[in-house]
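Okay, here's what each chain looks like letter by letter:
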Amino acid sequence: GAVVSQHPSRVICKSGTSVKIECRSLDFQATTMFWYRQFPKQSLMLMATSNEGSKATYEQGVEKDKFLINHASLTLSTLTVTSAHPEDSSFYICSVGSQDNEQFFGPGTRLTVL
Amino acid sequence: GNSVTQMEGPVTLSEEAFLTINCTYTATGYPSLFWYVQYPGEGLQLLLKATKADDKGSNKGFEATYRKETTSFHLEKGSVQVSDSAVYFCALSETGGYNKLIFGAGTRLAVHP
């Protein structure tokens, strides 16, 4: 399966600042990538689906102006949390989609907003 | 809409005990079904999958059978180990490629020596 990395693995920022999280597919063409959010001891909540070279499709209730997704190449997608607030603190996980619907997950990024 | 329901945890077992984690789904058409595992401090990994009715997915001693008549995909293992302690997620995707996954709530398994 694909090897997916995320950077940074954890980040602490002040309220009001923006944070960019990178998701890289190291050995697999990532035409479709997914961004999830996971709260402690809870399941993954899909935030958006991104296709290389086009705009992301956001799930209902996810603010697209707050969570900016860029997927400009087959190896990289980025999630930018703009004007972060403490309620945005969470574990953010990306994944790479495949033709048989198996997804390959990154290790996640823990965001803490002070 | 499509959904996945799995038994709530935590599930606590002794080593070598039999494990069942129930998973049922609601979906139109013929979804693919997955079990993912999340070990402490790690990302999700695919444990096994099944793409059509009566398929049995298996890996690392775990298995699950796609039962369309009962809309279920229960995870089983005959003899668990301490190293199986993790959170297990049942998930489905719709027919067709590159689709999103719909996850169950996750079941935490703790295995004690």
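The preceding data block contains the structure.
Quick notes on the rules
Residues numbered from 1 in each chain as written. Chains lettered and ligands numbered in written order. Predicted model: local features only at pLDDT ≥ 70, side-chain atom pairs only at ≥ 80, totals over all residues. Heavy atoms only, no water. Disulfide = S-S within 2.5 Å. Contact = heavy atoms within 4.5 Å. Salt bridge = Lys/Arg side-chain N within 4 Å of Asp/Glu carboxyl O. Polar contact = N/O pair within 3.5 Å; in protein donor to acceptor, adjacent residues only side chain to side chain. Buried < 20%, exposed > 50% of the residue type's maximum accessible area, 1.4 Å probe, protein only. Helix = DSSP H or I, 4+ residues; strand = E, 2+ residues; numbered from the N terminus. Pairing = 2+ DSSP bridges. Axes fitted to C-alpha atoms, helices over the stretch in contact; angles between N-to-C directions. Core = buried A, V, L, I, M, F, W, Y, C linked by side-chain atoms within 4.5 Å. Phe/Tyr/Trp six-rings, centres within 6.5 Å; stacked < 30°, edge-to-face > 60°.

Caption draft 1: Quick peek at the state of the cysteines. Summed over the entire model, instances satisfying the criterion amount to 2 disulfides over all chains. Here A:C13 is not disulfide-linked; the sulfur of A:C94 is the nearest cysteine sulfur, at 18 Å.

Caption draft 2: A look at the interface of chain A and chain B. Contact residues are listed per partner, giving 23 residues for chain A and 20 residues for chain B. In this assembly, chain A and chain B are joined by 3 salt bridges. Between B:K49 and A:E102 there is a salt bridge, and its shortest N-O distance comes to 3.3 Å. Linking chain A to chain B there are 10 residue pairs in polar contact (both at pLDDT 80 or more).

Caption draft 3: Structural context of the pairing of strand β1 (residues 4-7) of chain A. Residues and elements named next belong to chain A. Alternating positions in β1 separate cleanly, V4 and Q6 being buried on one face and S5 and H7 remaining unburied on the opposite face. Of the strand pairs in this sheet, β1 and strand β3 (residues 19-25) are connected by 4 bridges, and their pairing is antiparallel. By the bridge assignment for β3, Q6 is matched with C23.

Caption draft 4: Spotlight on the sheet that holds β1(A). Residue and element names in this part refer to chain A. With respect to topology, 4 strands assemble into an open sheet ordered β1-β3-β8-β7, the strand pairing being antiparallel. Sheet topology places β1 and β7 (67-70) at the edges, where each strand pairs with a single neighbour. Adjacent strand axes in the sheet meet at a mean angle of 15° when their direction is disregarded.

Caption draft 5: Representation of the nonpolar core in the model. Residues and elements named next belong to chain B. Counting 26 residues, the largest nonpolar core has L19, W35, L47, L48, F73, L75 and Y88 as the members making the most contacts within it. Those elements that provide at least two residues to this core are β2 (11-14), β3 (19-21), β4 (23-26), β5 (32-38), β6 (44-50), β8 (62-65), β10 (86-93) and β12 (107-112). For this core, the element with the highest residue contribution is β10, accounting for 4 residues. In contact with L19, not counting residues within four places along its chain, are V11, L13, F62, L75, E76, K77, V80 and L109.

Caption draft 6: Main features of unusual backbone geometry. Cis peptide bonds are those with omega within 30 degrees of zero, and the linkage from A:H7 to A:P8 qualifies with 0°. As for its position among the elements, A:P8 is in the loop between β1 and β2 (10-13). For the bond from B:G9 to B:P10, the omega torsion is 0°, close enough to zero to count as cis. Residue position: B:P10 is located in the loop between β1 (3-6) and β2. The backbone of B:D54 shows a phi angle near 75°, a positive value even though the residue is not glycine. For B:D54, the position within the fold is in the loop between β6 and β7 (56-59). Relative accessible area serves as the criterion here: at 53%, B:D54 is assigned to the exposed category. Non-glycine residue B:T71 carries a positive phi angle of around 40°. On the secondary structure map, B:T71 appears in the loop between β8 and β9 (75-77).

Caption draft 7: Summary view of the packing of aromatic side chains. Throughout the structure, instances matching the rule amount to 11 aromatic pairs over all chains. Taken together, a centroid distance of 6.1 Å and an interplanar angle of 85° make the contact between B:F89 and B:F103 edge-to-face. Highlighted residues: B:F89 in strand β10 and B:F103 in strand β11 (residues 102-103), separated in sequence by 14 residues. Accessibility expressed as a relative area gives 1% for B:F89, which makes it buried. Under the relative-accessibility criterion, B:F103 is labelled buried at 11%. Among the aromatic residues, those joined into a ring-pair cluster are A:Y36, A:F105, B:F34, B:Y36, B:F89 and B:F103.

Caption draft 8: Representation of the sheet that holds β3(B) in the model. Residues and elements named next belong to chain B. With antiparallel pairing, 4 strands are arranged side by side in an open sheet as β3-β9-β8-β7. Both edges of this open sheet fall to β3 and β7, since each of them pairs with a single strand only. Within this sheet the neighbouring strands show an average axis-to-axis angle of 15°, counted without direction. One ladder, built from 2 bridges, connects β8 with β9; its direction is antiparallel. By the bridge assignment, E63 is partnered in β9 with E76.

Read these as spatial facts, not as claims about activity.
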